[in-house]
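Each chain, letter by letter, is given below.
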Amino acid sequence: MKKFDNKYNDIISVDNLLLAWQEFLKGKKKKEDVVLFQSKLMDNIFDLHNDLKNKTYKHGEYKAFKINDPKPRDIHKANVRDRLLHHAIYRMLYPYFDKKFIYDSYSCRNEKGTHKAINRFRYFCRIVSKNNTKTCFVLKCDIRKFFANIDHEILKSILSKYIEGKDVLWLLSQIIDSFNTTSATNSAMAEFVASKGRGLPLGNLTSQLLVNIYMNEFDQFAKHDLKVKHYVRYADDFVVMSEDKVYLEKILEQMKEFLENNLKLQMYPNKVFIKTISSGVDFLGWVNFSNHRVLRTSTKRRMFKNIKKNTKKETTKSYLGMLSHGNGYKLQKRIL
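Reading guide: rules and limits
Residues numbered from 1 in each chain as written. Predicted model: local features only at pLDDT ≥ 70, side-chain atom pairs only at ≥ 80, totals over all residues. Heavy atoms only, no water. Helix = DSSP H or I, 4+ residues; strand = E, 2+ residues; numbered from the N terminus. Buried < 20%, exposed > 50% of the residue type's maximum accessible area, 1.4 Å probe, protein only. Areas by Shrake-Rupley, 256 points an atom, 1.4 Å probe, with all protein chains shown as cover. Polar contact = N/O pair within 3.5 Å; in protein donor to acceptor, adjacent residues only side chain to side chain. Contact = heavy atoms within 4.5 Å. Axes fitted to C-alpha atoms, helices over the stretch in contact; angles between N-to-C directions. Parallel < 35°, antiparallel > 145°, perpendicular 65-115°, else oblique. Left-handed = near helix turned anticlockwise from the far one by under 90°. Nonpolar A, V, L, I, M, F, W, Y, C, P; charged D, E, K, R; others polar. Pairing = 2+ DSSP bridges. Salt bridge = Lys/Arg side-chain N within 4 Å of Asp/Glu carboxyl O. Expected span 1.5 Å × (residues − 1). Bend = angle between axes of the 7 residues up to and from the residue.

Participant: I would appreciate a short explanation of the overall build of the protein in the present structure.
Facilitator: Scanning the protein for helices and strands turns up 13 helices and 11 strands. Burial status across the protein gives 46% buried among its 336 residues. When the accessible surface of the protein is totalled, it reaches about 18600 Å², and 50% of it is carbon and sulfur.

As structure tokens, then:
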């Protein structure tokens, strides 16, 4: 296997930092912290470059806030300087690692995404069911607290298999170890305790790539060791299709064992099931059937709530576009 051969100096070069800044700037030009950083752009970029060159770079703290999309999520936002570096790292590492991923991994990848994942899911169901003439069983799995449970040491070990240079590994360690998952104790004081060496922040661009590198270990196991043919993964959600229910029950136990032993991840017990496609399978916001798919009820409610809050044409167009990917004619008519 050819290892990542970009040099550390290529990643931290002023040229790469400037290109990364142009990418980072999209949609953020009016943000107060971005305007402040740009007011002394070259000074800030040279300062960052020198800190990286001299290995005196330290990642800053994160600003935490919550969003509901659709369930409550904890977002941790780094400062502009660190986010610029995230872009500089990402633009160098992504092209190399994207070639290592399996075809049917669809999260946070160029020319992939939820719509292509759902279409691939439908395509596999048609193959397994022989155009809806046979029963197609679907194993649907969801990983528990995915980002919060990424083990730092395991992630670094995986990266070392692909990356030769110690300096690049050092830099990635600075990013990885800049964040630790926190959890509340059961005490009356509700003190917060850091879980050392675990978790990646949802707000980092690098986190999107790192979790795909982490889960690529599982993808390779599923495809090459278990030899699963009809498999689709989007982030922490994945499905396997087969006409043999017993086979799916068997590989489910093997998958659980691999995740726990090799990646220290666990599945949500109440979000793992085996159903027939004809009974409807909830996957990526849609309830999928043999010949059609309908929007999940919770997604539907959230959509109308957001439209009432935000009456801009762009919001309406966005949802109309989303509905065009399924059987949403009545909903489209209702929106209009």
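Having seen the model, we can carry on.
Participant: How should the side chain of N204 be read in this particular structure?
Facilitator: With respect to the element layout, N204 can be found in the loop between β5 (192–195) and α9 (205–225). Among the residues examined, N204 registers a relative accessible area of 2% and is labelled buried. Of the polar contacts made by the side chain of N204, one reaches the side chain of Y62; its length is 3.0 Å. Apart from residues no more than four positions distant in its own chain, N204 is found in contact with Y62, H76, A78, H86 and I175.

Participant: I'm lost on the packing of helix α5 (residues 80–98) against α9 in this one. Help?
Facilitator: Packed helix pairs are characterised by how far apart their axes lie and by the angle those axes make with each other. Orientation of α5 relative to α9, taken along the N-to-C sense of each, is 30 degrees, at an axis distance of 9 Å. By the criterion of interaxial angle, the relationship of α5 to α9 is roughly parallel. By crossing handedness, the relation of α5 to α9 is classed as left-handed. Only L205, T206, L209 and I213 of α9 make contact with α5, whose side of the interface consists of H86, H87, I89, Y90, L93, Y94 and F97. Within the contact of α5 with α9, the residues separate by chemical class into eight nonpolar, three polar and no charged.

Participant: Even after reading the chapter, I still don't get the sheet that holds strand β10 (residues 286–288), so can you show me in this structure?
Facilitator: Paired through their backbone hydrogen bonds, the strands of a sheet run either parallel or antiparallel. Read from one edge of the open sheet, three strands run β9-β10-β11, paired in antiparallel fashion. Unpaired on one side and paired on the other, β9 (281–283) and β11 (293–295) mark the two borders of the sheet. Averaged over all pairs of adjacent strands, the angle between strand axes in this sheet comes to 30 degrees, irrespective of strand direction. Packed on one face of the sheet, helix α6 (residues 114–128) meets β9, β10 and β11 and runs near 150 degrees to β9.

Participant: So what exactly am I meant to see when it comes to the pairing of strand β6 (residues 231–234) here?
Facilitator: Strand residues, when the strand is regular, have side chains that alternate between the two faces of the sheet. The pairing of β6 with strand β7 (residues 237–242) spans four bridges and is classified as antiparallel. Residue pairing across strands places Y231 opposite V240, the latter belonging to β7. Taking the residues that link successive antiparallel strands as the turn, the β6-β7 hairpin has two residues, and the phi of A235 there is positive, at about 55 degrees.

Participant: Explain the side chain of S129 here, please?
Facilitator: With respect to the helices, strands and loops of the structure, S129 is situated in the loop between α6 and β3 (137–142). Here the side chain of S129 touches N132 through a polar contact of 2.9 Å, landing on its backbone nitrogen.

Participant: How should I be thinking about the environment of L209 in this particular structure?
Facilitator: Mapping L209 onto the fold places it in helix α9. The sequence separation of L209 and S107 amounts to 102 residues, and the corresponding C-alpha distance is 9.4 Å. When near neighbours in sequence (up to four residues on either side) are disregarded, L209 contacts Y90, L93, Y94, F97 and F101.

Participant: Can you walk me through the pattern of salt bridges in this structure?
Facilitator: Side chains that differ in charge, positive against negative, can pair when their charged atoms come close. Tallying each qualifying case throughout the model produces 16 salt bridges. A salt bridge links D51 to R81; its shortest N-O distance comes to 2.5 Å. With D51 in helix α4 (residues 41–53) and R81 in helix α5, the pair connects residues that are 30 residues apart, well separated along the chain. Look at the salt bridges and you will find they share partners, linking E153, K156 and D177 into a network.

Participant: Would you take a moment to explain unusual backbone geometry for this structure?
Facilitator: Glycine aside, a negative phi is what most residues show, and trans is what most peptide bonds show. Positive phi outside glycine occurs at K130, with the angle close to 50 degrees. Note that K130 resides in the loop between α6 and β3. Phi is positive for N132, close to 65 degrees, though the residue is something other than glycine. With respect to the helices, strands and loops of the structure, N132 is situated in the loop between α6 and β3. In this structure N132 comes out as partly exposed when scored by relative accessible area, which is 33%.

Participant: Any chance you could explain α9 here in plain terms?
Facilitator: Given 3.6 residues per helical turn, the α-helix brings residues three or four places apart onto the same face. Here α9 contains 21 residues, and its C-alpha end-to-end distance of 31 Å stays within 8% of the 30 Å for a straight helix at 1.5 Å per residue. At M215, α9 is deflected by roughly 30 degrees, the largest bend along its length. Here α9 lies mainly inside the structure; 16 of its 21 residues are buried. Of the residues flanking the end of α9, it is K227, one or two places downstream, whose phi is positive at about 55 degrees.

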